[in-house]
Amino acid sequence: MRRLAPVLRQDGVDTDLISLIKTILAACKEISFRVGQGELAGVLGSTLDENIQGETQKKLDVLANELLKDMILETGIVKAISSEEEDLPVAGNPAGKYLVTFDPLDGSSNTDINSLIGTIFSILPAKAELAADDAAQFLQAGTKQLAAGYVLYGPSTMLALTTGKGTRLYTLDKTYGGFLLTHEEVAIPSVTAEFAINMSNQRHWEPAMQQYVQDLLLGKTGPRGKNFNMRWIAAMVGDVHRILCRGGIFMYPTDTKDPQKPYKLRLMYEANPMSFLVEQAGGSSTTGYARIMDIAPTDIHQRVSVILGSRHEVESCLKYHSQ
Ligand code: F6P
Ligand code: MN
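Parameters and conventions
Residues numbered from 1 in each chain as written. Chains lettered and ligands numbered in written order. Predicted model: local features only at pLDDT ≥ 70, side-chain atom pairs only at ≥ 80, totals over all residues. Heavy atoms only, no water. Helix = DSSP H or I, 4+ residues; strand = E, 2+ residues; numbered from the N terminus. Expected span 1.5 Å × (residues − 1). Buried < 20%, exposed > 50% of the residue type's maximum accessible area, 1.4 Å probe, protein only. Arc of directions from axis to C-beta. Donors = N, O, S within 2.8 Å, 3.2 Å for Na, K, Ca; no water. Pairing = 2+ DSSP bridges. Contact = heavy atoms within 4.5 Å. Axes fitted to C-alpha atoms, helices over the stretch in contact; angles between N-to-C directions. Polar contact = N/O pair within 3.5 Å; in protein donor to acceptor, adjacent residues only side chain to side chain. Disulfide = S-S within 2.5 Å. Phe/Tyr/Trp six-rings, centres within 6.5 Å; stacked < 30°, edge-to-face > 60°.

1. Here we look at helix H4 (residues 207–218)
Its 12 residues give H4 an end-to-end C-alpha distance of 16 Å, which sits within 8% of 16 Å, the value for a rise of 1.5 Å per residue. All of the buried residues in H4 are Ala-208, Met-209, Tyr-212, Val-213, Asp-215 and Leu-216. The arc that holds every buried residue of H4, seen down its axis, measures 155°, which confines them to one face. Turned more than 90 degrees off the buried face of H4, the exposed positions are Pro-207 and Leu-217. Directly after H4, the chain includes Gly-219, whose backbone phi takes a positive value near 55°.

2. Some points on the coordination of the manganese ion (ligand 2)
Distances from the manganese ion (ligand 2) to its protein donors, Asp-103 (OD), Asp-106 (OD) and Glu-270 (OE), fall within 2.0 to 2.2 Å. On the primary sequence, the residues serving as donors to the manganese ion (ligand 2) are separated as D-x2-D-x163-E. Of this pair, Asp-106 sits in strand S5 (residues 98–106) while Glu-270 sits in helix H6 (residues 267–280), and the two are 164 residues apart along the sequence. The residues Asp-106 and Glu-270 share a single accessibility class, namely buried.

3. Observations concerning the sheet that holds strand S4 (residues 90–91)
Pairing is mixed in the open sheet, where 8 strands are placed in the order S4-S3-S5-S6-S7-S8-S9-S10. Each edge of the open sheet is held by one strand with a lone partner, namely S4 and strand S10 (178–183). Where strand S3 (residues 78–83) meets S4, 2 bridges bridge the pair, whose relative direction is antiparallel. Across the sheet, the residue bridging to Ile-81 is Val-90, located in S4. Helix-sheet contacts for helix H3 (residues 59–74) involve S3, S4, S5 and strand S6 (117–125), and the interaxial angle to S5 is about 160°. Contacts from H6 reach S3, S5, S6, strand S7 (147–153), strand S8 (157–162) and strand S9 (167–173), with the element oriented near 85° to S6.

4. Considering the side chain of Glu-270
Overall, the relative accessible area of 1% leaves Glu-270 in the buried class. At a separation of 2.7 Å, a polar atom in the side chain of Glu-270 contacts the main-chain amide nitrogen of Arg-266. Residues contacting Glu-270, with those up to four places away along its chain left out, are Glu-84, Asp-103, Asp-106, Ile-120, Met-236 and Leu-265.

5. Quick word on the state of the cysteines
Every disulfide links exactly two cysteines, by a covalent bond between their sulfur atoms. Per the stated rule, a full pass over the model turns up 0 disulfides. A disulfide-free cysteine, Cys-28 has its sulfur positioned 18 Å from the sulfur of Cys-245, the nearest such atom. Since its relative accessible area comes to 44%, Cys-245 is described here as partly exposed.

6. Describing the packing of aromatic side chains
Scanning all chains against the criterion turns up 3 aromatic pairs. For the ring pair Trp-232 and Tyr-252, a centre distance of 5.9 Å and an interplane angle of 55° mean the geometry is tilted. With Trp-232 in the loop between strand S12 (229–230) and helix H5 (236–246) and Tyr-252 in strand S13 (residues 249–252), this pair connects stretches of sequence that are 20 residues apart. The partly exposed category is assigned to Trp-232, whose relative accessible area is 28%.

Okay, here's the thing in structure tokens:
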């Protein structure tokens, strides 16, 4: 089993970037430990606060955010961080080369039920012309990401990572204390018979999405001519992990449930890093109308419609949108 750093060095990844990724992973190991302790560590349940998204913060959200923020900023090579749990970016070293944006704990409604959760991160190049506390420096398209990944806290703690040379999976060896390469070249099957969507929002979707999912549900008797299975983990990190492992299509499309909030997932620290991982594994990622990684962001917390996974299935879904 090969370790993270030698594999990245082999790819010619900048040594500072490797050390930044290792720092993020050190924070994630600590989060993994606390998550594993669950009730025993007294970290389950909510705080009394809400984050910028108007969602209640779980104690674990806050803990994960503080750990990541402090450890990343201490490296001295990061100009600023931006997190789901921070209204504004937090400045680091003005001369730092990197920007890091992250969702400290994705799927946090799963924390109290001992179900899948994870940390999602994206690393961008710093912009010399902008101040460290200027949010505008983060507003770069997903194609500019230098690295992206997630750490999934499941029965085993796993890392999915890309630096633009394919997507790899690593497993945390808790006896040795490091992430070991367990899947060298992730390749998402281009064809699938599995979809993931929150069906309770069905009546709020656009007609194109309604029609597409209805045709999936018709199975063999409908225009698709085959049966589909459905899975929903309620943590994007878990659903995307399944897709990296065995294919599928994951959707969190536009809906009209709350007219103030037509999209659910966040572009900078959910959709973009996941799109980078999925594309590097041979899959596709789109809003239904445009490639997610091509979007020019306008806000660090902006939300976006997400359709990603097996290439042919994403193409099938896109056909409904273009009609
Ligand atoms: O971060 C948002 C998130 O928790 C995703 O991880 C997940 O896919 C989604 O929300 C689940 O939302 P719901 O099941 O409430 O529609
Ligand atoms: Mn999330």
